[in-house]
Amino acid sequence: MGDSALICSQIIAKNPDFNSKNRVIHDAISFRRVCFSGEKLRFRKGRVGVWAVMEAEEREMGAEERESTGVLKSLEGSLGFDVVSASELKKKGFLGLRKTKLVCTIGPACCSLDDLEKLALGGMNVARLNMCHNTIEWHRNVIRKIKKLNEEKGFCVSVMIDTEGSQINVVDHGAPSSVKAEDGSIWSFTTENFECSRPFTVQANYEGFAEGIKVGDELVIDGGMATFEVIEKIGNDLLCKCTDPGLLLPRAKLSFWRDGILVGKNYEPPTLSTKDWTDIKFGISEGVDFIAMSFVKDADAIKHLKNYISTNSSKSDAESPDVSIHRSIKVLAKIESLESLHKLEEIVIASDGIMIARGDLGVEIPLEQIPTVQEKIVHVCRKLNKPVIVASQLLESMIEYPTPTRAEVADVSEAVRQYADALMLSGESAIGSFGQKALSVLEMTSSRMELWSREENRQSVLQQHLLGVSLPDQIAEQICNCAVEMGIFCFSQCSSLADGAVQNKLEWVDFNTLHFLVGCIGTLCF
Ligand SMILES: Nc1ncnc2c1ncn2[C@@H]1O[C@H](COP(=O)(O)OP(=O)(O)OP(=O)(O)O)[C@@H](O)[C@H]1O
Ligand SMILES: CC(=O)C(=O)O
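Residues numbered from 1 in each chain as written. Chains lettered and ligands numbered in written order. Predicted model: local features only at pLDDT ≥ 70, side-chain atom pairs only at ≥ 80, totals over all residues. Heavy atoms only, no water.

## Points about the overall build of the protein
When you go through the protein residue by residue, the secondary structure sums to 18 helices and 22 strands. Put simply, the protein has 526 residues, and 52% of those count as buried. For the protein, contacts bridging at least 24 residues in sequence account for 71% of all contacts bridging at least 6. Summed over its atoms, the accessible surface of the protein is roughly 23,700 Å², and 53% of this surface lies on carbon and sulfur atoms. (Helix = DSSP H or I, 4+ residues; strand = E, 2+ residues; numbered from the N terminus. Buried < 20%, exposed > 50% of the residue type's maximum accessible area, 1.4 Å probe, protein only. Contact = heavy atoms within 4.5 Å. Areas by Shrake-Rupley, 256 points an atom, 1.4 Å probe, with all protein chains shown as cover.)

Structure below.
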């Protein structure tokens, strides 16, 4: 069978007769394929299998019957389908049903083999390793456990490493955990290295962090956790008075504001630090699937990393032909600064996908702008057909509590409604007491919202943008656009058509149309 397969997903809702156990069935479809090879046309006949996962009443159906094409025929026109790759189907079974992918940050609370397996069973599609924390050895261990689970238990969990990037943050703030800044208290912000923590002294990580900063400027901690006014500059250091009391957390982020506008940085730290390069080399050697790049400023940084990956991959491929894993490492750009927002389109075009890092974004733009900025980024990604992850604080309260707030559930639903491709857990899974529960909330909420979108046929409101340059790509796109108008989902081994399907978030199929479509597509040109 081909590399793609179809999954029935709405059987429960639509077919009262099919409501118990999940079943996999398949149907074979003949097609004629016309290939363009230079100037010549070649006809080939082919047969592909269309696999469907259905829920069937066990007592009504024997095994043979379930496997027969007759079953499919009897369901003609009445079922909803989602698309999933055959390899995914084999590996993940019914986890492929959901379209919104789920990313979990792995931390001390979920790094045992047992915990990772529970997350994989709960629907984790991608394990994120934040390279800001812990040692390379710790990360290696986690990656190996995930690969073991994939190999031995048939999961299909991808691994993403997330670089630390360059940003001004607190290295030491005079306490082991959080510390309260009281109204009117005076604090020194410095880059001086000191042995033991000093009270009312905050050590920042960048020499020259105070360049261009003037007396009277506002120093905001973590996008609003606490605010200070700069009252004196002493060399590289700043003396500040707390004007809005609050908490200073370890690794808190600092931003400076003047007259309500973010003060631009006078220094230019490289997008990828020496540590980031070490981590990237580590990621390549461990065969990770994604590298998420923090604090991307422009498309050049992404292109540079992609070149580095392909050069190093070809080198290692030549040295060891078996090592083909490197070729497929995808680079995701994290949008978390004003600069990246200004160059959004070029960054999206250059990268393989985007992460909306709302945590750090909230340090650089006012919090009330986050929802509209998120919607805009998702929209640009849809338009340019790049996957987009919505990250940070989706279910923050679940770090401590076993249920989310209603507002958090609404936030998750909104991201799915906007057609985000993936949702990410951070502290909820890394350090939270209810990581698996948080994952199941994401799972249920996103499935529910997808169902609603289907029922409302909302994908038809997605704007169609033609991206294809070549004739086959344009034809594939037009087919997908028509499919969306007709409310069908199609089956394809053709990457352009699959891309179009992803861009349009196609989902419905009826078998008459499917047979017709596969026939048409086969007679076209891929
Ligand atoms: N590998 C890890 N080892 C130890 N603690 C971790 C690890 N990964 C995450 N954490 C903890 O979980 C919390 C949330 O994770 P998260 O990845 O969101 O980190 P972060 O510090 O907020 O950085 P970022 O802004 O890059 O997301 C972190 O603050 C840290 O305490
Ligand atoms: C995920 C991340 O890095 C952020 O939200 O800042």
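## A word on helix H6 (residues 136-153)
With 18 residues, H6 extends 25 Å from end C-alpha to end C-alpha; this agrees with the ideal 26 Å at 1.5 Å per step. For H6, every residue scored as buried is listed here: Trp138, His139, Val142, Ile143, Ile146 and Leu149. Take H6 and look down its axis: the buried residues cluster within an arc of 135 degrees, on one side only. In H6, the exposed positions that point more than 90 degrees away from the buried face belong to Glu151 and Glu152. Along its buried surface, H6 packs onto helix H5 (113-121), strand E6 (126-130), strand E7 (158-162) and helix H7 (274-286). (Expected span 1.5 Å × (residues − 1). Arc of directions from axis to C-beta.)

## What to know about the site of ligand 2
As a structural note, the neighbourhood of ligand 2 is formed by Arg128, Lys334, Glu336, Met355, Ala357, Arg358, Gly359, Asp360, Ser392 and Met424. The side chain of serine 392 places a nitrogen or oxygen atom 2.4 Å from an oxygen atom of ligand 2. When residues of the shell around ligand 2 are traced back to their parent elements, those giving at least two are strand E20 (353-357) and helix H11 (358-364). Ranked by residues supplied to the shell around ligand 2, first place goes to H11 with three residues. Partitioned by chemical class, the residues of the shell around ligand 2 number three nonpolar, two polar and five charged. (Near = heavy atom within 4 Å. Polar contact = N/O pair within 3.5 Å; in protein donor to acceptor, adjacent residues only side chain to side chain. Nonpolar A, V, L, I, M, F, W, Y, C, P; charged D, E, K, R; others polar.)

## As for the state of the cysteines
Scanning all chains against the criterion turns up zero disulfides. Between cysteine 110, a cysteine without a disulfide, and cysteine 111, which holds the nearest cysteine sulfur, the sulfur-to-sulfur distance is 6.7 Å. (Disulfide = S-S within 2.5 Å.)

## As for the nonpolar core
Residues Ile106, Leu129, Ile354, Ile377, Leu395 and Leu423 are the most contacted members of the largest nonpolar core, which totals 72 residues. In this structure, isoleucine 106 is in contact with Cys111, Leu116, Leu119, Met124, Ala127, Arg128, Leu129, Trp138, Val142 and Ala430, ignoring residues within four places of it in sequence. Trp187, Phe189, Phe209 and Cys240 belong to the second largest nonpolar core, which has 24 residues in total. (Core = buried A, V, L, I, M, F, W, Y, C linked by side-chain atoms within 4.5 Å.)

## So, a negative patch on the surface
Among the surface-exposed residues, Asp183, Glu218, Glu229 and Asp244 lie close enough to one another that they form a single negatively charged patch. Structurally, glutamate 218 is set in strand E12 (residues 218-221). (Patch = residues over 30% accessible without salt bridge, like charges linked within 9 Å, V, L, I, M, F, W, Y side chains within 5 Å. Salt bridge = Lys/Arg side-chain N within 4 Å of Asp/Glu carboxyl O. Lys, Arg positive; Asp, Glu negative; His and termini not counted. Charge placed at Lys NZ, Arg CZ, Asp CG, Glu CD.)

## What to know about the site of ligand 1
Near ligand 1 lie 18 residues; those nearest to it are Arg128, Asn130, His133, Asn134 and Lys253. Between an oxygen atom of ligand 1 and a side-chain N or O atom of histidine 133, the distance comes to 2.9 Å. The separation between an oxygen atom of ligand 1 and a polar side-chain atom of aspartate 360 is 3.2 Å. Relative to its unbound accessible surface of 590 Å², ligand 1 loses 77% to contact with the protein. Put simply, the parts of the chain that give the shell around ligand 1 at least two residues each are E6, H6 and helix H14 (427-430).

## Here we look at the sheet that holds strand E10 (residues 186-190)
Reading across from one edge, E8-E11-E10-E14-E13-E12-E16-E17 is the order of the eight strands in this open sheet, with mixed pairing throughout. Of all the strands in the sheet, the pair left with one neighbour each is strand E8 (170-172) and strand E17 (261-262). As judged from the four bridges shared by E12 and strand E16 (residues 254-258), these two strands associate in the antiparallel manner. Across the sheet, residue glutamate 218 finds its bridge partner in E16, namely tryptophan 257. (Pairing = 2+ DSSP bridges.)

## A short note on the packing of helix H13 (residues 406-417) against helix H15 (residues 435-455)
Close contact between H13 and H15 brings their axes to 9 Å; oriented N to C, the two are set at 45 degrees. Classed by the angle they form, the pair H13 and H15 counts as oblique. Here H13 and H15 pass one another in a crossing that is right-handed. For the pair H13 and H15, contact is made by Val409, Val412, Ser413, Val416 and Arg417 and by Leu442, Thr445, Ser446, Met449, Glu450 and Trp452, respectively. Class assignment of the residues belonging to the contact of H13 with H15 gives a composition of six nonpolar, three polar and two charged. (Axes fitted to C-alpha atoms, helices over the stretch in contact; angles between N-to-C directions. Parallel < 35°, antiparallel > 145°, perpendicular 65-115°, else oblique. Left-handed = near helix turned anticlockwise from the far one by under 90°.)

## Digging into the packing of H5 against H15
Where H5 contacts H15, the axes come no closer than 10 Å and their chain directions differ by 15 degrees. For the element pair H5 / H15, the angle class is roughly parallel. Helix-helix and strand crossings are classified by hand; for H5 and H15 the assignment is right-handed. Residues Asp115, Lys118 and Leu119 of H5 form the contact with H15, whose participating residues are Gly435, Gln436 and Leu439.

## A look at the pairing of E7
Taking burial as the measure, the five residues of E7 include five buried ones, the bulk of the element. Every second residue of E7 is oriented toward a common face, with Ser158, Met160 and Asp162 on one face and Val159 and Ile161 on the other, all of them buried. By the bridge criterion, five bridges tie E6 to E7 in an arrangement that is parallel. Paired with leucine 129 across the two strands is isoleucine 161, which belongs to E7. Assessed by its sense of winding, the connection that carries the chain from E6 through H6 to E7 is right-handed. (Right-handed = clockwise from strand over helix to strand, strands pointing away.)

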